[in-house]
Amino acid sequence: MKKLLLVITIFTLLLCTACSKGNEPMTLFPASFTQKEADLLSLLGKENDQYIYDFILDKDVKNMDIVVWKLEGEEWEEHHSISRQFVDEKGRIAFEFDNISEGICIALQSENNSGRTNFEGEKKPFRMAVATSFLENTSAIEYGKEIPVAVQIATTKSMVTSYGVEYFHTPEEYAELNYEEVYAVTVKFEK
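What counts as what
- Residues numbered from 1 in each chain as written.
- Predicted model: local features only at pLDDT ≥ 70, side-chain atom pairs only at ≥ 80, totals over all residues.
- Heavy atoms only, no water.
- Buried < 20%, exposed > 50% of the residue type's maximum accessible area, 1.4 Å probe, protein only.
- Helix = DSSP H or I, 4+ residues; strand = E, 2+ residues; numbered from the N terminus.
- Pairing = 2+ DSSP bridges.
- 1 Å grid on protein atoms, 1.4 Å probe; cavity = no way out; pocket = protein on both sides within 12 Å on 5 of 7 lines; lining within 4 Å.
- Points joined across faces, edges and corners; volume = space filled by probe spheres on them.
- Salt bridge = Lys/Arg side-chain N within 4 Å of Asp/Glu carboxyl O.
- Patch = residues over 30% accessible without salt bridge, like charges linked within 9 Å, V, L, I, M, F, W, Y side chains within 5 Å.
- Areas by Shrake-Rupley, 256 points an atom, 1.4 Å probe, with all protein chains shown as cover.
- Lys, Arg positive; Asp, Glu negative; His and termini not counted.
- Charge placed at Lys NZ, Arg CZ, Asp CG, Glu CD.

Draft legend 1. Molecular detail of the pairing of strand 10 (residues 147–155). Burial analysis of strand 10 places 9 of its 9 residues in the buried class, which makes it a mostly covered element. In this sheet, strand 10 lies alongside strand 8 (residues 129–134) in antiparallel orientation, the contact comprising 6 bridges. Bridge pairing in strand 10 places Ala-129 opposite Thr-155. Looking at chain direction, strand 10 and strand 11 (residues 181–190) are connected through 7 bridges and run antiparallel.

Spelled out as structure tokens, the structure:
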């Protein structure tokens with residue numbers, strides 16, 4: 001009887017372990033790289049100016065939206081956007097830019113999708129101070145909810161006060177500081 005109970009317990013534990021592997025929470029988080037990936041980024045000189053995130057979804061995902069926002073007054077207005085049908089449960093997004101107003105490159109990679117989109121901006125005839133905040137922690141993904149991954153301030157002022165990306169949801173905080181340009185980049189998944 002004890003042996004049968006032990007076998008049933010072991011079988012139950014194995015079954016629970018197998019089931020839990022497919023039930024990872026939906027998250028977006030800064031990418032971690034294998035040594036080969038890190039070496040390749042270093043070789044290409046991209047280790048410091050690309051911001052790369054991994055994501056885990058569930059089978060219900062149907063669409064991905066990436067939006068570049070510009071602050072106008074106290075409201076965010078859509079500046080550029082990408083919308084793609086998307087069905088993969090895992091993938092990677094990379095953002096490459098110095099000053100968002102001068103251009104941004106967005107690249108996507110997953111099992112069934114890959115691509116790169118460039119948005120060109122205007123080169124500034126004068127130098128602006130730039131402060132950028134990035135998503136640094138794991139963020140839970142909820143369908144239909146914007147996840148800010150970057151917020152950037154560009155100004156000719158001598159002092160720049162920057163906030164974390166969570167302040168995307170309170171644009172009036174940025175508006176109060178009266179900077180010339182404030183941009184944000186968000187990712188949203190839909191089912």
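Draft legend 2. Representation of unusual backbone geometry. In this structure, Asn-178 is a non-glycine residue whose phi angle is positive, near 55 degrees. Within the secondary structure layout, Asn-178 lies in the loop between helix 3 (171–177) and strand 11. Residue classification places Asn-178 among the exposed positions, given a relative accessible area of 57%.

Draft legend 3. Here's a closer look at empty space enclosed by the protein. Counted under the stated rule, the structure contains 1 cavity of 30 Å³ or more. Size it by volume and the largest cavity reaches roughly 60 Å³. Around the largest cavity sit Met-64, Ile-66, Ile-82, Arg-84, Ile-106, Ala-107, Leu-108, Gly-115 and Thr-117, which together line it. Elements represented by at least two residues in the lining of the largest cavity include exactly strand 3 (63–72), strand 4 (75–85), strand 6 (103–110) and strand 7 (114–120).

Draft legend 4. Representation of the pattern of salt bridges within the structure. According to the stated counting rule, one finds 8 salt bridges in the structure shown. Residues Glu-72 and Lys-70 are paired through a salt bridge, measuring 4.0 Å at the closest nitrogen-oxygen approach. Connected via shared salt-bridge partners are Glu-146, Lys-188 and Glu-190.

Draft legend 5. Fine view of a negative patch on the surface. A contiguous patch of negative charge, built from Glu-74, Glu-75, Glu-77, Glu-172 and Glu-176, is present on the exposed surface. Here Glu-74 shows up in the loop between strand 3 and strand 4. For Glu-74, a relative accessible area of 48% gives the class partly exposed.

So far we have only geometry, and geometry alone does not tell us how the molecule works.
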